[in-house]
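Breakdown of the fold
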Amino acid sequence: MLDQQSREHDFPSLQDRVYLNTAAEGIPPLTVNAAFQQYFQDKLEGMDGRILHEAVWDDAKALTGQMYGLSSDEVSICSCSSEAYNLAYQALQFNDGDELIVSDLDFPASYTFGLQQSCPATVKVWKSRDDWQLHLEDLQSLLSEKTRVVSISLVSFFNGFKIPLQEVIQTIRQHSSALIALDVTQALGRIPLDLEGIDLVVSSTHKWILASHGGGLVGVPASKANDWTVPAGGWFNLKDAFGDQRFEKAESLPGAASFTVGMPNYPAVYAIRAGLKYIVDTGVENINRATLPLVEACLEGLKELPVELISPKQAENLAGIVAFRHPDAERVYQHLHSKQIHPMYHAGRIRVALHGYNTMADVETFLRELKQALS
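Residues numbered from 1 in each chain as written. Predicted model: local features only at pLDDT ≥ 70, side-chain atom pairs only at ≥ 80, totals over all residues. Heavy atoms only, no water.

A word on the overall build of the protein chain. For the protein chain, the count of helices and strands is 10 helices and 13 strands. Its C-alpha atoms give the protein chain a radius of gyration of 21 Å, within 12% of the compact-globule value 21 Å for 375 residues. If one aligns the C-alpha atoms of the protein chain with their principal axes, the spans along those axes are about 75 × 55 × 30 Å. Residue burial in the protein chain is summarised as follows: out of 375 residues, 56% are buried. The contacts of the protein chain with a sequence gap of at least 6 include a subset with a gap of at least 24, amounting to 69%. Roughly 16,500 Å² of accessible area belongs to the protein chain as shown, and the carbon and sulfur atoms make up 48% of that amount. Looking at the protein chain, you have 30 positive and 46 negative side-chain charges, and the mean spots of the two groups are 4 Å apart. (Helix = DSSP H or I, 4+ residues; strand = E, 2+ residues; numbered from the N terminus. Rg over C-alpha atoms; globule rule 2.2 N^0.38 Å. Buried < 20%, exposed > 50% of the residue type's maximum accessible area, 1.4 Å probe, protein only. Contact = heavy atoms within 4.5 Å. Areas by Shrake-Rupley, 256 points an atom, 1.4 Å probe, with all protein chains shown as cover. Lys, Arg positive; Asp, Glu negative; His and termini not counted. Charge placed at Lys NZ, Arg CZ, Asp CG, Glu CD.)

On the surface, Trp-235, Phe-242 and Met-263 cluster together to form a nonpolar patch covering roughly 330 Å² of accessible area. Looking at the secondary structure, you find Trp-235 in the loop between β8 (216-219) and α7 (266-282). The class for Trp-235 is partly exposed, based on a relative accessible area of 33%. (Patch = residues over 30% accessible without salt bridge, like charges linked within 9 Å, V, L, I, M, F, W, Y side chains within 5 Å. Salt bridge = Lys/Arg side-chain N within 4 Å of Asp/Glu carboxyl O.)

A few words on the packing of aromatic side chains. Two aromatic rings, taken as a pair, are described by how far apart their centres are and by the angle between their planes. Enumeration according to the criterion identifies 13 aromatic pairs in this entry. Ring geometry for Tyr-39 against Tyr-270: centres 5.4 Å apart, planes inclined by 75°, an arrangement best described as edge-to-face. Within this pair, whereas Tyr-39 is found in helix α2 (residues 30-43), its partner Tyr-270 is found in helix α7, the two being separated by 231 residues in sequence. Its relative accessible area of 18% is what places Tyr-39 among the buried residues. Taken together, the aromatic side chains of Trp-57, Trp-235, Phe-236 and Phe-242 make up a single cluster linked through ring pairs. (Phe/Tyr/Trp six-rings, centres within 6.5 Å; stacked < 30°, edge-to-face > 60°.)

Evaluation of the coordinates by the stated rule reveals 11 salt bridges. Between Asp-98 and Arg-148 there is a salt bridge whose closest N-O contact spans 3.0 Å. Within this pair, whereas Asp-98 is found in the loop between α4 (81-92) and β3 (99-103), its partner Arg-148 is found in strand β5 (residues 147-153), the two being separated by 50 residues in sequence. For Asp-98, a relative accessible area of 13% puts it in the buried group. Exposure remark for Arg-148: the relative accessible area of 25% places this residue in the partly exposed category.

With that settled, the discussion passes to the nonpolar core. Judged by nonpolar contacts, the single largest core of 70 residues is most densely connected at Tyr-68, Leu-154, Ile-163 and Leu-182. If you tally residues by element for this core, the top one is α7, at 9 residues. Those residues in contact with Leu-154, other than ones at most four positions away along the chain, are Phe-161, Lys-162, Ile-163, Leu-165, Leu-182, Asp-183, Val-184, Ala-187, Ile-191 and Leu-193. Membership of the second largest hydrophobic core comes to 28 residues, among which are Leu-302, Val-322, Leu-336 and Leu-374. (Core = buried A, V, L, I, M, F, W, Y, C linked by side-chain atoms within 4.5 Å.)

This part is about the sheet that holds strand β2 (residues 75-78). If you trace the 7 strands from one edge of the open sheet to the other, you get β2-β8-β7-β6-β5-β3-β4, paired in mixed fashion. Looking at strand neighbours, the two that pair on one side only are β2 and β4 (122-126), the edges of this open sheet. Here the strands of the sheet are splayed against their neighbours by 20° on average, with no regard to which way each runs. Both strand β7 (residues 200-204) and β8 contribute to a ladder of 4 bridges, which runs antiparallel. Of the residues in β8, the one forming a bridge with Val-202 is Val-218. This element, helix α3 (residues 49-68), spans β2, β7 and β8 of the sheet and lies at about 120° to β2. Running at roughly 155° to strand β6 (residues 179-183), helix α6 (residues 165-175) makes contact with β4, β5 and β6 of the sheet. (Pairing = 2+ DSSP bridges. Axes fitted to C-alpha atoms, helices over the stretch in contact; angles between N-to-C directions.)

Moving on: the pairing of β3. Here β3 lies mainly inside the structure; 5 of its 5 residues are buried. Relative to β4, β3 is paired through 5 bridges, and the arrangement is parallel. By the bridge assignment for β4, Ile-101 is matched with Lys-124. In terms of strand pairing, β3 meets β5 through 3 bridges, oriented parallel. Within the sheet, the bridge partner assigned to Glu-99 lies in β5 and is Thr-147.

Attention now moves to the side chain of Thr-282. Along the chain, Thr-282 turns up in helix α7. The class of Thr-282 is buried, set by a relative accessible area of 17%. With residues up to four places along the chain from it excluded, the contact list for Thr-282 reads Met-1, Leu-2 and Ile-287.

Quick look at unusual backbone geometry now. With a phi close to 50°, Gln-93 is a non-glycine residue in the positive phi region. Mapping Gln-93 onto the fold places it in the loop between α4 and β3. Exposure remark for Gln-93: the relative accessible area of 51% places this residue in the exposed category. Despite not being glycine, Gln-340 shows a phi value in the positive range, around 60°.

Structure below.
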């Protein structure tokens, strides 16, 4: 992933384009394709194939735990991050007067449960300032004895802002007894993680870890299992789904295990194992070290162009995403796309995401063509 030979071998589809949209869709290495093929071969075994599926499930959980800093028993896999949050908030069983704090840089999956009419909790928004960053004193002013949970993203999907995690944790602990739910979708596989002090960890699987759709990686420390045990129907999540009392009571497994309510999406699980293994073998620290200069070069290049930068202006406050606006952004995007340069465009915003398969040549090509489109 980090040299030309491995890029050409593992990511052949990238040879003729500049791909800058990993924050939406990661490009899987060929090992993920091999994992899908292996799933099919194992599925041909029928019921005997379940033994093989379960072994892959265990491996995927172990790799997830390694990335989260948790044991295999403290993680599980559901269908997507949206499902993970819906189940998590179902576990909390909000009451009137409870408050959920979210930020205006977060993805809808992490907070829209609280906006449904059926949810009695009140959603309070930690708003970013003109510098496109979240400030701790603004969070502090929102915290109270009513705060049930603070749900935040380590890295914003919107503009790449990376929160000062340990300072955020300290602020929450000093001013409330709230649980902390952290979305690491835009960080997992891209930057090293230290998640000590987090009560719930969630990530999707089709972005920076280079796997497929159909997965949501959930982490619940054992000490918080009682808080995040989901009272959902199912069978895979239950202590005894087929026992003598199956029509009298249903009791969920504790913590993370309660988030997988039915048959695991094994094709995705095979892909998740392959994607995580590729990232682990490459080394997240190596990926970050190789990619940080690209982020810095992209950021500095954008500062010199007539665009509205909507990301923090310091690279240390970013991970792999830089975003900007322009009145003619759609036309600019179409020009870039015609040159086989692929950032993300949405409602006047262009977002660039840089991963380990990107190069300085990618950044230079992007900035050159962007400058031409803006002239």
